[in-house]
Amino acid sequence: MSEAEKPGVFRFAAVTLFPEMFAAITDAGISRKALEAGLWSLTCWNPRDFAGNPARSVDDRPYGGGPGMVMQAEPLMHAVEASKSSLADAGAATSRVIYLSPQGKVLNHAKVMALAKAMSAGQGLVLLCGRYEGVDERLIERAVDEEISLGDFVLSGGELAAMALMDALIRQIPGALGDMASAAEDSFVAGLLDCPHYTRPEIFQGCGTPEVLLSGDHARIRRWRLLMSLTRTRERRPDLLRNRALSAEETQLLAEIQAEISKEQCGEH
Ligand code: 9D3
């Protein structure tokens, strides 16, 4: 079988000043296992290798003044082009350039699933990682297809965001999770937060395990877990409930939760 026909291989390229950081996903855990199984590949491209000066500098001061430095367009453009032709040589049908940036749309499960689908169909992904204050806007206009953020907090660069996205995508490759629960059972798939988990010992520092989990009554256990998921989601992430259709059972459980809360507020017990 040729590389291009190999089913489901996710092909990544990262344009980064810190390729050594990517050892975090190549050298540990599920992602390492999946890499060893040939389910995904990563090649890093360092813009310094494309710098046009002996000092190999790839940043300069911002026009208009201000603090910090800006990554120059030229070496980044060469690195992106090299990464794209390398993905094509490796069998990618097309490639898409994602710039991890605080100005991007915030990543979510739906976006991960859409990207995973495209990658299964042979689309290679170039992950452009910024450092300093950011990259020259003309590079973004010419080379970037999409900007993605992890959320409203400040990172020191795009590498950790790129790895978070890669980890989320790699989990979706069939076979990547091994014997563990399938990705389809993940909490966000159901649109609710996960229920609490317990394991041995049954009593830890005087604190027991909910009786229902020891009962062996699987229907009761399932209902308790759903109740916990709904309670937590309502408490911590009400935005998730507003954006999700509820089943008849979930609606009823939520109504029961609401009734309990109203009783407490009336002072009844
Ligand atoms: C403190 C610097 N800020 C000045 C207003 C701007 C800024 C520049 C570069 C803030 C962060 C960064 C580096 N961040 C990323 O490359 C990044 C990121 C993030 O910081 N938060 C959430 N998602 C992402 S994706 C890439």
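Not measured: the values here are computed from a predicted model.

Undergrad: Could you give me a rundown of the site of the ligand, with the residues and numbers involved?
TA: The ligand sits among 15 residues. The nearest are Leu150, Phe153, Leu155, Gly157 and Gly158. The contact in question runs from an oxygen atom of the ligand to an N or O atom on the backbone of Gly157, over 3.5 Å. For the ligand, an oxygen atom lies 3.2 Å from a polar atom in the backbone of Gly158. In the complex, 71% of the free accessible area of the ligand, which totals 570 Å², lies under the protein chains. Going through the elements one at a time, strand S5 (94-106) and strand S7 (146-149) are the ones with two or more residues in the shell around the ligand. At three residues, the largest contribution of residues to the shell around the ligand is made by S5. Its residues placed into classes, the shell around the ligand shows nine nonpolar, five polar and one charged.

Undergrad: Please give an account of the packing of helix H4 (residues 109-120) against helix H6 (residues 159-170) that cites residues and values.
TA: At a minimum axis separation of 9 Å, H4 and H6 run at an interaxial angle of 70 degrees. For the element pair H4 / H6, the angle class is roughly perpendicular. Remark: the crossing between H4 and H6 carries right-handed chirality. Between H4 and H6, the contacting residues are Val112, Leu115, Ala116 and Met119 on the first element and Leu165, Ala168 and Leu169 on the second. Residues of the contact of H4 with H6, tallied by class, amount to seven nonpolar, no polar and no charged.

Undergrad: A description of unusual backbone geometry should follow, citing residues and the corresponding values.
TA: Cis geometry marks the peptide bond from Arg200 to Pro201; its omega dihedral reads 5 degrees. Tracing the backbone shows Pro201 in the loop between helix H7 (187-190) and helix H8 (218-236). Phi is positive for Tyr132, which is not a glycine, with a value near 60 degrees. When you line up the elements, Tyr132 lands in the loop between strand S6 (123-129) and helix H5 (137-143). For Tyr132, a relative accessible area of 37% puts it in the partly exposed group. For Gln205, which is not a glycine, the phi torsion comes out positive at approximately 45 degrees. Assignment of secondary structure puts Gln205 in the loop between H7 and H8. By relative accessible area, which is 73% here, Gln205 ends up exposed.

Undergrad: Which residues make up H4, and what values do they have?
TA: A rise of 1.5 Å per residue sets the reference length of H4, with its twelve residues, at 16 Å; its end C-alpha atoms lie 16 Å apart and thus fit the reference within 8%. Three or more residues of H4 are buried, namely Val112, Leu115, Ala116 and Met119. Summarising the axial view, the buried residues of H4 lie within an arc of 105 degrees, below the 170-degree limit, and thus occupy one face. Facing away from the buried side of H4 by more than 90 degrees, the exposed set consists of Ala110 and Lys117. Buried residues belonging to H4 abut strand S1 (10-15), S5, S6, S7 and H6. For H4, the N-terminal capping position is held by Asn108, with its side-chain oxygen 3.2 Å away from the main-chain nitrogen of Ala110.

Undergrad: Got a sec to walk through the side chain of Arg11? Specific residues and values, please.
TA: Among the secondary structure elements, Arg11 is positioned in strand S1. Looking at Arg11, its side chain comes within polar contact range of the main-chain oxygen of Ala90, at 3.0 Å.

Undergrad: Mind laying out the sheet that holds S5, listing which residues take part and the relevant values?
TA: Sheet strands pair via backbone hydrogen bonds, and the direction of the pair is either parallel or antiparallel. The parallel open sheet is built from five strands, whose spatial order is S2-S1-S6-S5-S7. Each end of this open sheet is capped by a strand with a single partner; those strands are strand S2 (40-45) and S7. On average, each strand axis in the sheet is inclined to that of its neighbour by 30 degrees, with strand direction left out of account. Two strands pair when backbone bridges link them, and S5 and S6 are joined in this way by seven bridges, in the parallel orientation. Bridge assignment links Leu100 to a residue of S6, and that residue is Cys129. In the packing of helix H3 (residues 73-89) onto the sheet, contacts are made with S1, S2, S5 and S6, and the angle to S1 comes to roughly 165 degrees.

Analysis parameters
- Residues numbered from 1 in each chain as written.
- Predicted model: local features only at pLDDT ≥ 70, side-chain atom pairs only at ≥ 80, totals over all residues.
- Heavy atoms only, no water.
- Near = heavy atom within 4 Å.
- Polar contact = N/O pair within 3.5 Å; in protein donor to acceptor, adjacent residues only side chain to side chain.
- Areas by Shrake-Rupley, 256 points an atom, 1.4 Å probe, with all protein chains shown as cover.
- Helix = DSSP H or I, 4+ residues; strand = E, 2+ residues; numbered from the N terminus.
- Nonpolar A, V, L, I, M, F, W, Y, C, P; charged D, E, K, R; others polar.
- Axes fitted to C-alpha atoms, helices over the stretch in contact; angles between N-to-C directions.
- Parallel < 35°, antiparallel > 145°, perpendicular 65-115°, else oblique.
- Left-handed = near helix turned anticlockwise from the far one by under 90°.
- Contact = heavy atoms within 4.5 Å.
- Buried < 20%, exposed > 50% of the residue type's maximum accessible area, 1.4 Å probe, protein only.
- Expected span 1.5 Å × (residues − 1).
- Arc of directions from axis to C-beta.
- Pairing = 2+ DSSP bridges.

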